[in-house]
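Residue-level structural notes
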Amino acid sequence: MKAITTSNNEKNYSSLIHLSLLTKYFIPFGNYIIPMILWGSKKNQSDFIDHNGKQALNFQLSMLLYSVTMLIISIPTLLVTLFNNFTINEIERGEFILEHLSTSNISGFAIFAIITVFLFCILKFIEFFIVIYAAVKSNNGEYYEYPMTIKFIK
């Protein structure tokens with residue numbers, strides 16, 4: 001990452017773009033809408049702001065893709081586990097009883113669920129601190145590229 005000469009306004013604005021990713025905790029889809037508005041309003045005025053805005057949005061889109069992928073993997077596992085323990089006739093009649101689940105059949109699902117939840121929590125924990133780190137780097141006037149990022153916006 002190379003340091004560049006930028007004005008304090010550009011550094012602060014770029015840091016604000018990165019920190020606006022944290023609005024997802026307060027505003028639904030704020031982590032996409034607010035950075036896009038901030039980046040779009042000044043992307044033509046500064047290469048530094050343009051770079052940081054693209055990085056922030058690409059990172060959020062990548063995190064969305066990773067989260068959806070984890071969901072796509074875990075839902076079929078849940079369904080397979082349920083159908084291994086109950087017949088379709090029992091489910092249609094509403095006669096299935098959760099007490100009849102055998103621990104041998106549920107253990108694989110439980111382990112998978114724990115691993116998936118653990119990985120998701122780690123992903124969100126790392127995401128939080130990487131966003132703050134990117135904001136600090138951009139406030140220092142450095143180009144920062146998020147790890148694990150797919151470049152959707154070039």
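Structure first, text after, so check above.
Small disclaimer: the values here were computed from a predicted structure and weren't measured.

**A short note on the layout of surface pockets**
With a probe scaled to a water molecule rolled over the atoms, the places where space remains empty come into view. Counted as a void, the largest pocket has a volume near 160 Å³. Looking at the largest pocket, the residues that line it are K24, I27, P28, F29, N31, Y32, Q60, M63, L64, S67, K124 and E127. When residues in the lining of the largest pocket are grouped by element, the largest group, 4 residues, is from helix 3 (residues 47–85). Class assignment for the residues of the lining of the largest pocket results in 6 nonpolar, 3 polar and 3 charged.

**Here we look at the nonpolar core**
Formed by 18 residues in total, the largest nonpolar core has its most connected members in I17, F59, V131 and Y146. Sorting the residues of this core by element identifies helix 1 (8–19), helix 2 (30–42), helix 3 and helix 5 (103–139) as the ones contributing at least two each. Ranked by residues supplied to this core, first place goes to helix 3 with 6 residues. In this structure F59 touches E127, I130, V131, Y146, P147 and T149, once residues within four positions along its chain are discounted.

**Regarding the packing of helix 1 against helix 2**
Remark: helix 1 packs on helix 2, axes separated minimally by 9 Å, with the N-to-C direction vectors making an angle of 155°. As judged from the angle between their axes, helix 1 and helix 2 are roughly antiparallel. Counted together, N9, Y13, L16 and I17 of helix 1 and P35, L38, W39, S41 and K42 of helix 2 form the full contact between these two elements. Taken together, the residues of the contact of helix 1 with helix 2 sort by class into 6 nonpolar, 2 polar and 1 charged.

Each value, and the rule that gives it
- Residues numbered from 1 in each chain as written.
- Predicted model: local features only at pLDDT ≥ 70, side-chain atom pairs only at ≥ 80, totals over all residues.
- Heavy atoms only, no water.
- 1 Å grid on protein atoms, 1.4 Å probe; cavity = no way out; pocket = protein on both sides within 12 Å on 5 of 7 lines; lining within 4 Å.
- Points joined across faces, edges and corners; volume = space filled by probe spheres on them.
- Helix = DSSP H or I, 4+ residues; strand = E, 2+ residues; numbered from the N terminus.
- Nonpolar A, V, L, I, M, F, W, Y, C, P; charged D, E, K, R; others polar.
- Core = buried A, V, L, I, M, F, W, Y, C linked by side-chain atoms within 4.5 Å.
- Buried < 20%, exposed > 50% of the residue type's maximum accessible area, 1.4 Å probe, protein only.
- Contact = heavy atoms within 4.5 Å.
- Axes fitted to C-alpha atoms, helices over the stretch in contact; angles between N-to-C directions.
- Parallel < 35°, antiparallel > 145°, perpendicular 65-115°, else oblique.

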